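Close look at the chain arrangement
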Amino acid sequence: MDKRVKFDFEIYFTNGGSIKGEDFRLDIEGESISDKELADYIVKDLRLLMVGEVRILNKEIFTETHKRKPIQTRTEADVFIDLSHTIENGLVTYKGLPAPIVCDYLSRENSKQFYEEGTQFQIGKIEMVTNTGTYIDCPFHRFEDGKDLSEVGLECFADLDAVVITIPFSEALEITEAHLKNREIRNKAVLIHTGWDSYWNTEDYYENHPYLTAGAASYLKDCQVKLVGIDSHNIDSTAGTSRPVHTTLLQAEILIVEHLCNLYLLPQEDFTFSAVPPKFKGVGTFPVRAMAKIPSKKPFR
């Protein structure tokens with residue numbers, strides 16, 4: 001049945017003054033509407049600027065035939081997909097490297113002595129190697145004179161046009177340049193989806209994992225991609241001691257993100273990728289909150 005809402009409102013402006021309305025009525029979709037949705041609608045509909053507090057008062061929803069098209073309060077928004085693993089105490093990302101220690105530096109209980117009654121805080125303490133969880137590599141990780149995290153510009157970490165290239169690990173562990181051809185990848189972040197993240201935090205994750213070949217790295221460099229990510233244990237083969245993919249890409253200042261996840265949720269293209277680390281001096285790799293942003297009205301599987 002058609003629903004309408006009746007309400008009063010008070011709008012206060014950050015530069016002084018206010019306006020008020022009484023017995024305001026609107027046709028709505030559905031059975032209810034929140035105070036915030038009403039406030040946002042009024043501010044937008046009246047084209048108000050410098051708005052501070054908005055109060056919705058005496059709200060009443062009732063049944064009545066719509067007199068015009070109901071207001072649209074639920075708009076399509078960009079979709080954000082988290083592509084990073086959760087870091088927790090004791091997590092092993094790379095065998096042979098110590099697991100992180102995540103604990104309290106100041107517990108809520110101990111903080112009571114510093115603050116008034118009812119006020120408590122927690123301050124955490126983290127001890128870890130920088131290759132933990134989902135992390136990004138910049139040139140300093142491989143080269144002494146390469147750029148560290150503090151020297152790489154934000155434009156290299158955030159809102160990169162991106163593509164996903166799917167090579168299931170059941171079909172191939174060695175990813176060559178042939179797997180990367182016939183795709184528009186120049187000046188983009190290239191995310192390699194193998195499905196290996198399904199083994200995350202298990203013994204199987206560390207051995208016989210998918211990786212890129214030296215030829216694939218050279219091809220990506222020649223195509224001038226901006227970043228390469230993979231949902232595997234390492235972008236290089238760890239069977240030996242050479243790391244040609246790290247060498248080729250980081251020497252060309254192409255960033256690397258390892259241990260991604262959830263790439264199966266992404267479209268093949270038409271999205272952006274971000275993986276922003278803290279601004280540390282003298283550090284070449286660090287955990288990131290990697291994510292994809294899919295613009296509204298773009299279908300995704």
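Residues numbered from 1 in each chain as written. Predicted model: local features only at pLDDT ≥ 70, side-chain atom pairs only at ≥ 80, totals over all residues. Heavy atoms only, no water.

With that out of the way, let us pick up the overall build of the protein. Looking only at helices and strands, the protein features four helices and 16 strands. The C-alpha radius of gyration of the protein comes to 26 Å, more than 25% above the 19 Å expected for a compact globule of 301 residues. C-alpha atoms of the protein, sized along the principal axes, occupy 75 × 60 × 35 Å. The burial tally for the protein puts 42% of its 301 residues in the buried class. Put simply, 74% of the contacts in the protein that link residues at least 6 apart link residues at least 24 apart. By element, 48% of the accessible surface of the protein is carried by carbon and sulfur atoms, the whole surface being about 16900 Å². One way to put it: in the protein the 34 positive side-chain charges average out to a point 6 Å from where the 47 negative ones average out. (Helix = DSSP H or I, 4+ residues; strand = E, 2+ residues; numbered from the N terminus. Rg over C-alpha atoms; globule rule 2.2 N^0.38 Å. Buried < 20%, exposed > 50% of the residue type's maximum accessible area, 1.4 Å probe, protein only. Contact = heavy atoms within 4.5 Å. Areas by Shrake-Rupley, 256 points an atom, 1.4 Å probe, with all protein chains shown as cover. Lys, Arg positive; Asp, Glu negative; His and termini not counted. Charge placed at Lys NZ, Arg CZ, Asp CG, Glu CD.)

Summed over the entire model, instances satisfying the criterion amount to 16 salt bridges. Across the salt bridge formed by Lys95 and Glu203, the nearest N and O atoms sit 2.5 Å from each other. Within this pair, whereas Lys95 is found in the loop between strand E4 (79–82) and strand E5 (101–106), its partner Glu203 is found in the loop between strand E10 (189–193) and strand E11 (211–212), the two being separated by 108 residues in sequence. Lys95 sits in the partly exposed class, given a relative accessible area of 44%. (Salt bridge = Lys/Arg side-chain N within 4 Å of Asp/Glu carboxyl O.)

Before going further, it helps to spend a moment on a negative patch on the surface. On the surface, Asp159, Asp161, Glu184, Glu269 and Asp270 cluster together into a patch of negative charge. Topologically, Glu184 is positioned in the loop between strand E9 (174–175) and E10. (Patch = residues over 30% accessible without salt bridge, like charges linked within 9 Å, V, L, I, M, F, W, Y side chains within 5 Å.)

At a minimum axis distance of 8 Å, the contact between helix H3 (residues 214–222) and helix H4 (residues 244–251) shows a crossing angle of 10°. Relative to H4, the element H3 lies roughly parallel. Taking contact as the criterion, the partners of Ala214, Ala217, Ser218, Leu220 and Lys221 in H3 are, on H4, Pro244, Val245, Thr248 and Leu249. For the contact of H3 with H4, the class distribution of residues is six nonpolar, two polar and one charged. (Axes fitted to C-alpha atoms, helices over the stretch in contact; angles between N-to-C directions. Parallel < 35°, antiparallel > 145°, perpendicular 65-115°, else oblique. Nonpolar A, V, L, I, M, F, W, Y, C, P; charged D, E, K, R; others polar.)

Strand order in the open sheet formed by three strands is E2-E1-E3, and the pairing between neighbours is antiparallel. If you trace the sheet from one side to the other, it starts and ends with strand E2 (18–28) and strand E3 (51–63), each paired once. Adjacent strand axes in the sheet meet at a mean angle of 20° when their direction is disregarded. Examined bridge by bridge, strand E1 (residues 3–13) and E2 share nine bridges and lie antiparallel to one another. When the bridges of E2 are listed, Lys3 appears paired with Ile28. (Pairing = 2+ DSSP bridges.)

Let us look at helix H1 (residues 35–45). Residues Glu37, Leu38, Ala39, Tyr41, Ile42 and Val43 constitute the buried set of H1. Those residues of H1 hidden inside the fold are in contact with E1, E2 and E3. Phi turns positive, to about 55°, at Arg47, one or two residues after H1.

A sheet is described by the order of its strands in space; here nine strands give the open sequence E4-E16-E14-E8-E10-E12-E13-E7-E15, paired in mixed fashion. Each edge of the sheet is formed by a strand with only one pairing partner; in this case those strands are E4 and strand E15 (285–287). For this sheet the average axis-to-axis angle between neighbouring strands, irrespective of direction, equals 30°. The pairing of strand E12 (residues 227–230) with strand E13 (residues 255–258) spans three bridges and is classified as parallel. Within E13, the position partnered with Gly229 by the bridge is Val257.

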